Amino acid sequence: MSVVVVFITAPKGKGEEIAGKIIESRLAACANVISGVKSVYWWKGKVERDEEDLIVLKTVEERLDELIEFVKRVHPYEVPEVIAVKVVKGLQEYLVWVENEVREA
Amino acid sequence: MSVVVVFITAPKGKGEEIAGKIIESRLAACANVISGVKSVYWWKGKVERDEEDLIVLKTVEERLDELIEFVKRVHPYEVPEVIAVKVVKGLQEYLVWVENEVREA
Amino acid sequence: MSVVVVFITAPKGKGEEIAGKIIESRLAACANVISGVKSVYWWKGKVERDEEDLIVLKTVEERLDELIEFVKRVHPYEVPEVIAVKVVKGLQEYLVWVENEVREA
């Protein structure tokens, strides 16, 4: 198993709700929600500015496909950001903890 | 093309302005600005403490050299932080959206 | 040397103190502390919700083992999050600055 950090943006105030659903479904071991980040982005030919929540999840690479499908189902955006970066090293007991918490029941 | 997450720190209150210039120049598809993070860092032999904005950009690896040059031109710091980490997997429509938004005109 | 971004979570209000100890020990060049993130996580069979500080450190891969040991000694959690992701590209002067600031005395 290999641990990954996943970034998801959500509408302001919705981050904890979405993170909670993901954690309860055992698709991630933990989530940190940074509320009220200022977002600037291209959307349909215009630069948009918004406040969002940024969710930082920790899970394993082997559950990413399921996590992506799950987020598509529960997220209000047409094309939500769900992107994963690989952990190259970490505190071993923590990495094992992440793996155990997302092991399929 | 491969999507990357780029971290840039900026003086407190300047994050949105710098992020806006980067997005408008099509060097990134979106930016999340976390304002007022507490920074601790070595600078010229002393530990300094400051408040900064942390910018989290999403772009593609192929545009990083241009992005780095651009930030050097517009950023007030002598040696600004511009560091990129690789996305190993993500929601496919989102990855395609990032690539399309930073495609050279 | 290769630069990495390290994520560490800490009890709310403790992030700056822990980051300061790490920086002063030259195990990282800089730290950004995001205070009061909302955390959701599994702990001993229950979903817990808490406020934490999220520390984002920049250091080199060669010092990670020492950093992990150091965090285990100074951190109040039984199993603290210490996870590193690899920087694939960045502003060259900044990468050199990180390497120089964590070079062993």
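Our structure's up above, just so we're on the same page.
These numbers come from a predicted model, not from an experiment.

K.L.:
Would you mind going over the relation of the copies chain B and chain A with me for this structure?
P.N.:
Structural alignment of chain B on chain A gives an RMSD of 0.0 Å, achieved by rotating through 120 degrees and translating 0.0 Å along the axis. Expressed as a symmetry operation, the mapping of one chain copy onto the other fits a three-fold axis. Using C-alpha coordinates, one finds that chain B approaches the rotation axis most closely at V85 of chain B, a distance of 4.1 Å. Looking at chain B, a mere 14% of its interface residues are interface residues in chain A too, so the copies touch through different faces.

K.L.:
Explain the packing of aromatic side chains to me, please; I cannot follow it from the model alone.
P.N.:
How two aromatic rings sit relative to each other is set out by the distance from centre to centre and by the angle between their planes. All names here are of chain B. In this structure the tally under the stated criterion is six aromatic pairs over all chains. Residues Y94 and W97 carry aromatic rings whose centres are separated by 5.4 Å and whose planes lie at 40 degrees to one another, so their mutual orientation is tilted. Note that Y94 and W97 are positioned in helix 3 (residues 92-101) at a spacing of three residues, about one turn of the helix. Neither residue differs from the other here; Y94 and W97 are each classed as buried.

K.L.:
Looking at this structure, how should I read the interface of chain B and chain A?
P.N.:
The extent of an interface is frequently quoted as the accessible surface area lost upon association of the parts. Facing 28 residues of chain B, the contacting portion of chain A comprises 28 residues. Roughly 2500 Å² of surface becomes buried between chain B and chain A when both sides are summed, with 64% attributable to carbon and sulfur atoms. Counting the contacts that link chain B with chain A gives four salt bridges. For E24 of chain B, the salt bridge is made with R49 of chain A, and the minimal N-O distance between the two is 3.1 Å. Taken together, chain B and chain A are joined by 13 residue pairs in polar contact (both at pLDDT 80 or more). Secondary structure elements with two or more residues in the side of chain B that touches chain A: strand 1 (3-11), helix 1 (15-24), strand 2 (30-43), strand 4 (82-86), strand 5 (89-90) and helix 3 of chain B. Here the element with the most residues in the side of chain B that touches chain A is strand 2 of chain B; it accounts for six residues.

K.L.:
I keep staring at the interface of chain A and chain C and nothing clicks. Help me out?
P.N.:
Contacts between the two partners involve 28 residues from chain A, matched on the other side by 28 residues from chain C. Both sides together, the interface formed by chain A and chain C hides about 2500 Å², and carbon and sulfur atoms give 64% of it. Between E93 of chain A and K72 of chain C there is a salt bridge whose closest N-O contact spans 3.3 Å. There are 13 residue pairs in polar contact (both at pLDDT 80 or more) connecting chain A and chain C. For the side of chain A that touches chain C, the secondary structure elements donating two or more residues are strand 1 (3-11), helix 1 (15-24), strand 2 (30-43), strand 4 (82-86), strand 5 (89-90) and helix 3 (92-101) of chain A. With six residues, strand 2 of chain A is the largest single contributor of residues to the side of chain A that touches chain C. Broken down by class, the residue content of the side of chain A that touches chain C amounts to 16 nonpolar, four polar and eight charged.

K.L.:
Would you take a moment to explain the relation of the copies chain A and chain C for this structure?
P.N.:
Note on the chain copies: they are related by a rotation about an axis and a translation along it. Aligned on chain C, chain A shows an RMSD of 0.0 Å; the corresponding rotation is 120 degrees and the shift along the axis is 0.0 Å. Comparing interface residues between copies, only 14% of those in chain A also sit at the interface in chain C, which points to a heterologous contact through distinct surfaces.

K.L.:
How should helix 2 (residues 64-74) of chain B be read in this particular structure?
P.N.:
Quick reminder: α-helices carry 3.6 residues per turn. Residues three or four places apart thus point the same way. Within helix 2 of chain B, the full set of buried residues consists of L64, L67, I68, F70 and V71 of chain B. Taken down its axis, helix 2 of chain B places every buried residue within 165 degrees of arc, on the same side. Where the residues of helix 2 of chain B are buried, they touch strand 1, helix 1, strand 3 (46-60) and strand 4 of chain B together with strand 5 (89-90) of chain C.

K.L.:
Please explain the pattern of salt bridges as it appears in this structure.
P.N.:
Side-chain pairing between opposite charges can occur once the charged atoms of the two side chains come close. Within this structure, the stated rule accounts for 39 salt bridges over all chains. Of the charged contacts in the structure, one is a salt bridge between R63 of chain C and E66 of chain C, with a shortest N-O distance of 2.9 Å. On the accessibility criterion, R63 of chain C (7% relative accessible area) is buried. Under the relative-accessibility criterion, E66 of chain C is labelled partly exposed at 34%. When salt bridges that share partners are traced, they join K14, E17 and K21 of chain A into one network.

Analysis parameters
- Residues numbered from 1 in each chain as written.
- Chains lettered and ligands numbered in written order.
- Predicted model: local features only at pLDDT ≥ 70, side-chain atom pairs only at ≥ 80, totals over all residues.
- Heavy atoms only, no water.
- Least-squares fit on C-alpha atoms with pLDDT ≥ 70 in both.
- Contact = heavy atoms within 4.5 Å.
- Phe/Tyr/Trp six-rings, centres within 6.5 Å; stacked < 30°, edge-to-face > 60°.
- Helix = DSSP H or I, 4+ residues; strand = E, 2+ residues; numbered from the N terminus.
- Buried < 20%, exposed > 50% of the residue type's maximum accessible area, 1.4 Å probe, protein only.
- Buried area = accessible area lost by both parts, 1.4 Å probe.
- Salt bridge = Lys/Arg side-chain N within 4 Å of Asp/Glu carboxyl O.
- Polar contact = N/O pair within 3.5 Å; in protein donor to acceptor, adjacent residues only side chain to side chain.
- Nonpolar A, V, L, I, M, F, W, Y, C, P; charged D, E, K, R; others polar.
- Arc of directions from axis to C-beta.

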